[in-house]
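# Per-entry structural report
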Amino acid sequence: MTPPGRAARSRAPHSRAAVILGSGIWHVIRERRDLQLDGGTVRETPFGPSRPVFEAVLPGGRKVLLLTRHGETGYQVGAWAVNYRANLWALKDLGTDHLLATCSCGAIDPRLTVGTFIVPHDILDKTTRRAKTFFESSGLGILRHGEPFCPSLRGALGEALASASARHRLGGVYACTDGPRLETPAEIRALAGEGATLVGMTLAPEFALARELEMCYAALAWVVNPAEGVVERPYRPDVLFEGMATADELAEGDRAAAAIPGVLAAALDRVTPARPCYCRRAMQRYKQRGDIGEDFRTWV
Ligand code: HPA
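In this report, the structure presented in the accompanying data block is examined. (Residues numbered from 1 in each chain as written. Predicted model: local features only at pLDDT ≥ 70, side-chain atom pairs only at ≥ 80, totals over all residues. Heavy atoms only, no water.)

So, about the overall build of the protein. A count of helices and strands for the protein gives eight helices and 13 strands. Relative to the 2.2 N^0.38 estimate, which gives 19 Å for 300 residues, the radius of gyration of the protein is 19 Å and therefore close to what a compact globule would have. Seen through its C-alpha atoms, the protein measures out along the principal axes to roughly 60 × 55 × 35 Å. Burial statistics for the protein: of 300 residues in total, 53% are counted as buried. Partitioning the intrachain contacts of the protein with sequence separation of at least 6 by distance along the chain shows that 79% fall at a separation of at least 24. Total accessible area on the protein stands at roughly 13,600 Å², and carbon and sulfur atoms take up 52% of it. Each charge class in the protein was averaged separately, 37 positive and 33 negative side chains, and the resulting centres sit 5 Å apart. (Helix = DSSP H or I, 4+ residues; strand = E, 2+ residues; numbered from the N terminus. Rg over C-alpha atoms; globule rule 2.2 N^0.38 Å. Buried < 20%, exposed > 50% of the residue type's maximum accessible area, 1.4 Å probe, protein only. Contact = heavy atoms within 4.5 Å. Areas by Shrake-Rupley, 256 points an atom, 1.4 Å probe, with all protein chains shown as cover. Lys, Arg positive; Asp, Glu negative; His and termini not counted. Charge placed at Lys NZ, Arg CZ, Asp CG, Glu CD.)

Time to look at the site of the ligand. The full set of residues close to the ligand is S104, C105, G106, L182, E183, V199, G200, M201, V224, N225, F241 and M244. One of the backbone nitrogen or oxygen atoms of G106 is found 3.3 Å away from a nitrogen atom of the ligand. Separating a nitrogen atom of the ligand from a side-chain N or O atom of E183 is a distance of 2.8 Å. Burial of the ligand by the protein chains amounts to 94% of its free accessible area of 260 Å². For the shell around the ligand, the secondary structure elements donating two or more residues are β7 (96-107), β12 (198-200) and β13 (216-226). (Near = heavy atom within 4 Å. Polar contact = N/O pair within 3.5 Å; in protein donor to acceptor, adjacent residues only side chain to side chain.)

As for its placement among the helices and strands, R85 is situated in helix α2 (residues 84-93). Engagement of the side chain of R85 in a polar contact is seen with the backbone oxygen of T133, the distance being 2.9 Å. Ignoring anything within four residues of it in the chain, the contact list for R85 reads F47, A131, T133, F134, E136 and L209.

For side chains bearing opposite charge, pairing can occur when the charged atoms are close. Counted under the stated rule, the structure contains 26 salt bridges. With a closest N to O distance of 3.6 Å, R130 and D178 form a salt bridge. Within this pair, whereas R130 is found in the loop between β9 (122-125) and α3 (151-163), its partner D178 is found in the loop between β11 (173-176) and α4 (185-193), the two being separated by 48 residues in sequence. By relative accessible area, R130 is classed as buried at 9%. The exposure class of D178 is buried, given its relative accessible area of 11%. Connected via shared salt-bridge partners are R43, D93, D295 and R297. (Salt bridge = Lys/Arg side-chain N within 4 Å of Asp/Glu carboxyl O.)

Within the structure shown, the criterion is met by eight aromatic pairs. Their ring planes at 35° and their centres at 6.3 Å tell us that W26 and F54 sit as a pair that is tilted. Placement of the pair is W26 in helix α1 (residues 26-32) and F54 in strand β5 (residues 54-57), with a sequence separation of 28 residues. Classification of F54 by relative accessible area gives buried; the value is 6%. Aromatic ring contacts, followed pair by pair, group F47, W89, F134 and F296 into a single cluster. Sitting over the ring of F296, K92 keeps its end group 5.6 Å from the ring centre. Stacked on the ring of Y286, the Lys or Arg R285 has its end atom at 4.5 Å from the ring centre. (Phe/Tyr/Trp six-rings, centres within 6.5 Å; stacked < 30°, edge-to-face > 60°. Lys NZ or Arg CZ within 6 Å of the ring centre and 35° of its normal.)

On to the environment of V239. Among the secondary structure elements, V239 is positioned in the loop between β13 and α6 (247-258). Counting along the chain gives eleven residues from V239 to L250, while the straight-line C-alpha distance between them is 9.7 Å.

What follows covers the state of the cysteines. A complete count under the given rule lists zero disulfides for this structure. Between C103, a free cysteine, and C105, which holds the nearest cysteine sulfur, the sulfur-to-sulfur gap is 5.8 Å. Residue C277 stays outside any disulfide, its sulfur separated by 3.5 Å from that of C216, the closest cysteine. With a relative accessible area of 11%, C277 lands in the buried category. (Disulfide = S-S within 2.5 Å.)

Looking at where R285 falls in the secondary structure, it is placed in helix α8 (residues 284-288). Spatially, the C-alpha atom of R285 lies 10.0 Å from that of L140, the residues being 145 residues apart in sequence.

Right, here's the structure in full:
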């Protein structure tokens, strides 16, 4: 018998999911071979070429579009050099209407231990050198960001994490810094004072660009190190993060990363076509006024 509510989970005809993978996960996934991928295709966009977009099969058989921010073999493209607009445009052009992004992060809140997953609910965009809008030469894009991450997708991620018994916290304020350098202790203290609980370099301007293209967007972050100054750590020139994470913590971060494909698949299983969020109506006002039509390709 179909459990109550199941029927409502049938997929809308044009509903397509995509996943953006951040750093610290690709090598884990490749080693485990729990993602099947096609060859990937670079897409031309008005903002230049995207990263290759793959058709991927997640654990359990769900098909998604998949793109890596930083490359498929290592950290070829720094967070500061990612072409966020091209990537999001390419995914939208392929029919994406809901998008899950992964990112590793440093913990500003000392109670967040390495390996903990977080579903951020808010963001402090501290980046200054990134293209932040598709609407550079028009008056479009004055969009409310009371919920910068889609509440429906956040809920789906939360349920998936709970069902996987993964250590996690729902809600967090992600501070996005420019990089490439890591933060100073004073910067981390200042971010903590502003309410940030985690820090990374990638979710901005991605979250805002997704909203401009009316895609639901939420992030699955996981802690790979305590942020600078949160815990006293000796400097080590020979390892990732130069000693901010211990060897045990680096291994713990990798262990957590291995759970990500399954969590993403479980979250997408919980996404209903009738998502009670306003992401897909973000540009409605402009459409009603006749400023733009339905086809996003004509908006820029
Ligand atoms: N700072 C910025 N970005 C990061 C960190 C950090 O401590 N850890 C992982 N990504």
